[in-house]
Amino acid sequence: MSPDLSNALRAETPTAPDALRHRIALIASEPPTPRRVLPLRRVLMVAAPAAAAASLVAAVAVGVKAGVEHQPSREAVANELAPKAPSGGLPIPRSAVRTVAPDAFAPAVAAPARKRAQDVRTSITLLVDDTDDLSATTQRALRITRSLGGYVQTVNFGSETAEGTAALQVRIPVSRVQAAVVRFSGLGRILAQQTQITDLQQRLDELTRQIRRAGDPRIRAALRRERIELHRRAAYATLSLDLTTHEPQQQAAPPSRIDRAVNDATGVLTGELAVIAYALIVASPFLVLLAAAYAGRRAYRRYSDLRLLERA
Amino acid sequence: MGTGFVPTSCQSGVTRAAPAAYTECVSDAPAQGFRSIAEAHLDDVYRYLLYVTANPSTADDLTSETFERALRRWSSFDPRRGSAQTWLCQLARGAALDHFRAEARRRRREERVAEPDRGAEHELPDEYGPVLRQALRTLSGADREVIALRIVLELDAKTAARILNISPSACTTRLNRALERLEEKVRPRLVA
């Protein structure tokens, strides 16, 4: 473009007439409209960090609260560390089970009542040095069983190059079960011990009454057989002896209060993020549609504006 | 320059001959208020609207409308996002487009029942020379708009593009085409 044309365009374009100038002066003399609503951008700039801070504070509060509430008691720790009941065994009445904390392991068994028939079951887990010691200890356990007047029900012995286990189930006369536990305990280091005592006397008394009342000789014979069986169960205690060369791994220390609080807070934050991610996933198709509609509307508006100006 | 305004600030050394300096001064001090900004950019807005509408009375009305809108929206003006001149030109463009839309609707309504009134014809004021006035009349409003922003108001491509809501390269392309058309109209008359 020639400079002359540019200069002519600038020079020949008139300025605002005086009447318009006065009109604008009147408009400008009015006080500007005060801001009534917060702009969306400013609201978002405040609301977004505030929401993030609130969620963080909530997570920390939940974490601290949960950390205090979940502090385990000594009993709970002992229960957690106690050996579990043998699988397939009878349900164990809580009062009849004696649990010994690992740091207090010592050969001990509740003394069976002398005048009542009881089913006594004891299990002991012992640590031995190596496979040679395992074999010798198994032999000694068998000898002890026999020396106490008991007998072996099952023996399961297995060893590899470095590790080995042996599981013995023996029956010992009830009157000598305490001595048996003490002697078995001397065969190695006690890892776990559990004793379960179930009262049979009540059932025996009932059977005796039923036998007296029973008129049918066959029923009476069956009841008698059951009573004999119960007497046998009550005469001998069942003792499970597990021998192992594998030292159990030290249980991890329970997490500290701060660790628990951090874990819980992290869990809450993760949950919040999951909710946000879920909401975004659900809303994303609608957001894409909205964005496309917005972009289309803008493009159409731009096109229609240009058409208007071209016709002007 | 006209009368009626007494700029509250930015008076020293600022004349109509140095509009850019004046604009800088005003845009750097938004607290000076709406009145001083209106004074500083009234001519810019009027000239822009005169080019877009090619009609002085319509430009008058739309200038008033622009400053009324500016007064209502003064609280939303943020000098960090653009100068006051850019903001006012955007408002002026919105006012002009609204006017054209209303005119188009009115014409459509009238076409249904009667011979449409052509509305205000392009009557550029006498300040323009006959050659330039005739040439500008033949250009479209879009052409005159980009010439007004880039040549008359001397805005850079980025600022003009922002007002036009297009990219700077598109703005430059539109300007070049508009100037080519203007020169095509002007040259034969000058030669004659």
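Residues numbered from 1 in each chain as written. Chains lettered and ligands numbered in written order. Predicted model: local features only at pLDDT ≥ 70, side-chain atom pairs only at ≥ 80, totals over all residues.

Caption draft 1: Structural detail: the overall build of chain B. Scanning chain B from terminus to terminus reveals eight helices and zero strands. For chain B, the N- to C-terminal ordering of α and β elements is α-α-α-α-α-α-α-α. Contacts in chain B between residues at least 24 apart in sequence constitute 62% of all its contacts with a sequence separation of at least 6. (Helix = DSSP H or I, 4+ residues; strand = E, 2+ residues; numbered from the N terminus. Contact = placed C-beta atoms within 7 Å.)

Caption draft 2: Fine view of the overall build of chain A. A tally of helices and strands in chain A yields nine helices and six strands. The burial tally for chain A puts 19% of its 312 residues in the buried class. When contacts within chain A are restricted to residue pairs at least 6 apart in sequence, long-range pairs at least 24 apart make up 79% of them. (Buried ≥ 20, exposed ≤ 12 C-beta atoms within 10 Å, placed from the backbone.)

Caption draft 3: Quick look at the interface of chain B and chain A. Taken together, the contacts link 45 residues of chain B with 33 residues of chain A. Only α2 (34–53), α3 (56–72), α4 (84–113), α6 (141–152) and α8 (168–191) of chain B provide two or more residues apiece to the side of chain B that touches chain A. Counting residues per element, the side of chain B that touches chain A draws most heavily on α2(B), which supplies 10 residues. The residue makeup of the side of chain B that touches chain A, split by class, is 23 nonpolar, 12 polar and 10 charged. (Nonpolar A, V, L, I, M, F, W, Y, C, P; charged D, E, K, R; others polar.)

Caption draft 4: Structural view of helix α6 (residues 177–185) of chain A. All names here are of chain A. Residues of α6 that are buried: Val177, Ala180, Val181 and Phe184. The buried side chains of α6 occupy one side of the element, clustering within an arc of 100° when seen end-on. Looking at the packing, one finds that the buried side of α6 touches β2 (118–127), α5 (131–147), β4 (164–173) and β6 (236–244). (Arc of directions from axis to C-beta.)

Caption draft 5: Seen up close, helix α7 (residues 157–164) of chain B. Residue and element names in this part refer to chain B. Most of α7 sits inside the fold, with six of its eight residues counted as buried. Those residues of α7 that sit buried are Thr159, Ala160, Ala161, Arg162, Ile163 and Leu164. Just downstream of α7 lies Asn165, where phi reads positive at about 65°.

Caption draft 6: Here's a closer look at the pairing of strand β3 (residues 151–159) of chain A. All names here are of chain A. Pairing of β3 with β4, which is carried by eight bridges, proceeds in the antiparallel orientation. Paired with Gly158 across the bridge in β4 is Thr165. The antiparallel pairing of β3 with β4 creates a hairpin that spans four residues between the two strands. (Pairing = 2+ DSSP bridges.)

Caption draft 7: Molecular detail of the environment of Ser185(A). Relative to the assigned elements, Ser185(A) resides in helix α6. Distance in space between the C-alpha atoms of Ser185(A) and Leu241(A) is 9.5 Å, their sequence separation being 56 residues.

Caption draft 8: Just the nonpolar core, in detail. Residues Tyr48(B), Leu49(B), Ala92(B) and Ile147(B) are the most contacted members of the largest nonpolar core, which totals 57 residues. Setting aside residues up to four positions removed in sequence, Leu49(B) forms contacts with Ala59(B), Leu62(B), Thr63(B), Ala92(B) and Ala96(B). Residues Val177(A), Ala180(A), Ile190(A) and Ile197(A) belong to the second largest nonpolar core, which totals 24 residues. (Core = buried A, V, L, I, M, F, W, Y, C linked by C-beta atoms within 7 Å.)

Caption draft 9: Here's a closer look at the packing of α2(B) against α6(B). Residue and element names in this part refer to chain B. At a closest axis distance of 7 Å, the pairing of α2 and α6 adopts a crossing angle of 155°. Judged by the angle between their axes, α2 and α6 are roughly antiparallel. Our pair here, α2 against α6, has a crossing hand that is right-handed. For the pair α2 and α6, the contacting residues are Arg47, Tyr48, Tyr51 and Val52 in the first and Gly141, Arg144, Glu145, Ile147, Ala148, Leu149 and Val152 in the second. (Axes fitted to C-alpha atoms, helices over the stretch in contact; angles between N-to-C directions. Parallel < 35°, antiparallel > 145°, perpendicular 65-115°, else oblique. Left-handed = near helix turned anticlockwise from the far one by under 90°.)

Caption draft 10: Quick look at the pairing of β6(A). All names here are of chain A. As judged from the seven bridges shared by β2 and β6, these two strands associate in the parallel manner. For Leu127, the partnering residue across the bridge sits in β6 and is Thr244. Here β4 pairs with β6 via nine bridges, running antiparallel. The residue of β6 that forms the bridge with Arg171 is Thr238.

Caption draft 11: Broad picture of the confidence of the model for chain A. The pLDDT averaged across chain A works out to 81; a share of 82% of its residues lies at or above 70. Taken together, the stretch residues 80–104 of chain A has pLDDT below 50 and engages in 26 contacts with residues farther than four places along the chain or on a different chain. (pLDDT = per-residue confidence, 0-100.)

Caption draft 12: Seen up close, unusual backbone geometry. Residue and element names in this part refer to chain B. Positive phi is not limited to glycine here, since Glu154 has a value of about 55°. Its place among the elements puts Glu154 in the loop between α6 and α7. Looking at Glu154, the number of C-beta atoms within 10 Å reads 14, which means it is partly exposed. With a phi close to 65°, Asn165 is a non-glycine residue in the positive phi region. Looking at the element boundaries, Asn165 is found in the loop between α7 and α8. Among the residues examined, Asn165 registers 15 C-beta atoms within 10 Å and is labelled partly exposed.

Caption draft 13: The arrangement of the packing of α4(B) against α7(B) in detail. All names here are of chain B. The interhelical angle for the contact between α4 and α7, taken along N-to-C directions, is 35°, at an axis separation of 9 Å. With respect to the hand of their crossing, α4 and α7 are arranged in right-handed fashion. Counted together, Thr86, Cys89, Gln90 and Arg93 of α4 and Thr159, Arg162 and Ile163 of α7 form the full contact between these two elements. For the contact of α4 with α7, the residue count by class is two nonpolar, three polar and two charged.

Caption draft 14: Local environment of the confidence of the model for chain B. Residues and elements named next belong to chain B. Predicted confidence across chain B gives a mean pLDDT of 79, with 77% of residues reaching 70 or more. Contacts for the low-pLDDT stretch residues 1–31, under 50 throughout, to residues beyond four places or in other chains number 45 contacts. Confidence metrics for the complex model read pTM 0.52 and ipTM 0.74.

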